[in-house]
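Listed here are the chains, written in short residue letters.
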Amino acid sequence: MRNWALIATLLAAFIAGPANADPIVIKFSHVVAENTPKGKMANRFKQLAEERLPGKVVVEVYPNSQLFGDNKVLEAMLLGDVQIGAPSLSKFSRYTPALDVFDLPFLFKDLAAVDRFQKSPEGQAMLDSMRDKGLIGLGYLHNGMKQMSAYSPLRVPADVKGKKFRVQTSDVLVAQFEILGGTAVKKPFSEVFTLLQTKAIDGTENPWSNTFSKKFFEVQPYITETDHGVLDYMVVTSAEFWLGLPDDIRAELSKAMDEAVAYGNEVALEQAVQDRQAIIDSGRSEVIALTPEERAQWVDAMRPVWAQFEAAIGKDMIEKALAANNE
Ligand code: SIN
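Basis of the calculations
Residues numbered from 1 in each chain as written. Predicted model: local features only at pLDDT ≥ 70, side-chain atom pairs only at ≥ 80, totals over all residues. Heavy atoms only, no water. Buried < 20%, exposed > 50% of the residue type's maximum accessible area, 1.4 Å probe, protein only. Helix = DSSP H or I, 4+ residues; strand = E, 2+ residues; numbered from the N terminus. Pairing = 2+ DSSP bridges. Contact = heavy atoms within 4.5 Å. Axes fitted to C-alpha atoms, helices over the stretch in contact; angles between N-to-C directions. 1 Å grid on protein atoms, 1.4 Å probe; cavity = no way out; pocket = protein on both sides within 12 Å on 5 of 7 lines; lining within 4 Å. Points joined across faces, edges and corners; volume = space filled by probe spheres on them. Nonpolar A, V, L, I, M, F, W, Y, C, P; charged D, E, K, R; others polar.

Visitor: In this structure, what is going on with the pairing of strand β4 (residues 135-145)? I would like to understand it.
Guide: As a general feature of sheets, a regular strand has side chains that alternate between the two faces. Of all eleven residues in β4, eleven are buried; the element is thus mostly enclosed. With nine bridges connecting them, β4 and strand β10 (residues 230-238) associate as antiparallel partners. Residue pairing across strands places I136 opposite T237, the latter belonging to β10.

Visitor: Would you take a moment to explain the sheet that holds strand β2 (residues 57-62) for this structure?
Guide: The pairing of strands in a sheet happens through backbone hydrogen bonds and is either parallel or antiparallel. One open sheet holds the five strands; their spatial order is β2-β1-β3-β10-β4, and the pairing between them is mixed. Looking at strand neighbours, the two that pair on one side only are β2 and β4, the edges of this open sheet. Contacts from helix α2 (residues 37-52) reach β1 (24-29), β2, β3 (84-85), β4 and β10, with the element oriented near 165° to β2. Along the sheet, helix α10 (residues 247-282) makes contact with β1, β2, β3, β4 and β10, crossing β4 at roughly 10°.

Visitor: Could you clarify how one ought to interpret the sheet that holds strand β7 (residues 183-186) in this entry?
Guide: Ordered by their spatial adjacency, six strands build an open sheet running β7-β6-β8-β5-β9-β11, and the pairing between neighbours is mixed. With partners counted over all chains shown, the strands left at the sheet margins are β7 and β11 (286-288), one partner each. Averaged over all neighbouring strand pairs, the angle between strand axes comes to 25°, with direction disregarded. Where strand β9 (residues 222-224) and β11 come together, three bridges link them in parallel fashion.

Visitor: So what exactly am I meant to see when it comes to empty space enclosed by the protein here?
Guide: Where empty space is left in the structure can be found by rolling a water-sized probe over the atoms. One pass over the structure, following the stated rule, counts two cavities of 30 Å³ or more. By volume, the largest cavity is sized at about 130 Å³. Forming the walls of the largest cavity are 20 residues, and the residues nearest its centre are V31, K38, D70, S88 and K91. Residue classes in the lining of the largest cavity are distributed as nine nonpolar, seven polar and four charged. Approximately 40 Å³ is the volume found for the second largest cavity. Lining the second largest cavity, in full, are Q147, S149, T204, E205, N206, W208, T211 and I223. Elements with a contribution of two residues or more to the lining of the second largest cavity: β5 (147-150), β8 (203-206) and α8 (208-213). Within the lining of the second largest cavity, the residues separate by chemical class into two nonpolar, five polar and one charged.

Listed below in C-alpha cells is the structure:
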C-alpha cells in the first residue's frame, strides 16, 4: 500500500513537471543609454517577457556597455555569457560581409527606404545568414540616419581632409573617410566621448539619439546634417540558446520581441526629431544644413566607395537595396 502511495506521488510530480524550477535568465547587453530607441526596446522586451512568462523567465538588461562593449558582445554570446544583444549593423562584418551594404554612403535616401529593404526577401534572409556561425537574427531595429560632427564646420567634402574620425568596426566606414582625405579609427562606442573631449579625434558620425544621449554635442561644436548613412541594429541571439528553449517559451519570447521591436521603431522616429531639436536648443552645437549643391558634392565624393566593396557585398544586393528607394 505504501509503495502505491509513493508511486502515485512520483507520478503526480512527473506530470506536473519540476516544482519551482529556476527561471531561465536572459542577459540582454547593449551599449547605448536607456533613453534611446534600443534602450527603450530592451526594457520593453523585459517587461513583456516577464509579464507573459511569470516565474519562467527573467530578463536582465545591461545598458551603457556595463556588461560587454560592442566589440565583445557577439563573442560573449557564442560563449553563452549573454543571450541577447542588438549591435549596430556595422559590427557584423566579421560574420557576414553582405551586411556591409547598410554602410555604403548615400545608398538609402531615408529610413523608410531602409525599412523596406529590411523587410524584403533579401533583408529577411540576412537575419538567418549567420546561423552557421552560431547566431540568429530576431529582427531589425531602427535608430536613424547618421550625421557627421567635428570641431570645425564640415560644409563640403574637402573640409574632412586631414581630420581624424572615430568609426565603428566596419571597413566601409573607414573607406568613406579615407576617400575624402581624412583618416578613421575604429574605436568602441564607450570611448567616443573621451576621445572627442580630449581631442584625440576631430570628429565622428552618429544618429541624433546617440549624439544627444551620450552628450557628443557638448564636445562637437558643429554637426552637419549629412544623412549620409544609416545606423540600425540587428537583434541577435545565440542559436544554441534560442533553439534549446522549450517551444512554448521560444514562441512567447519571439512574440514579445516582435512587439518590443515595433515599439522601438516608433520611438526611433520620434526620438530623432526630439533629440535633434534638443541639441539645437542647447546652443552647444551648430547644426549645419546643406544646400542641394553642397549635398551633391558629398554624394559625388563618397559614392566611389561602393565600387570598393561591390565584390564582397554582391552587386545584386546593392541593386536590391537601391531599388528600395523607389518602391
Ligand atoms: C549603438 O548605437 O549601438 C552604438 C553605435 C556606435 O558604436 O557608434
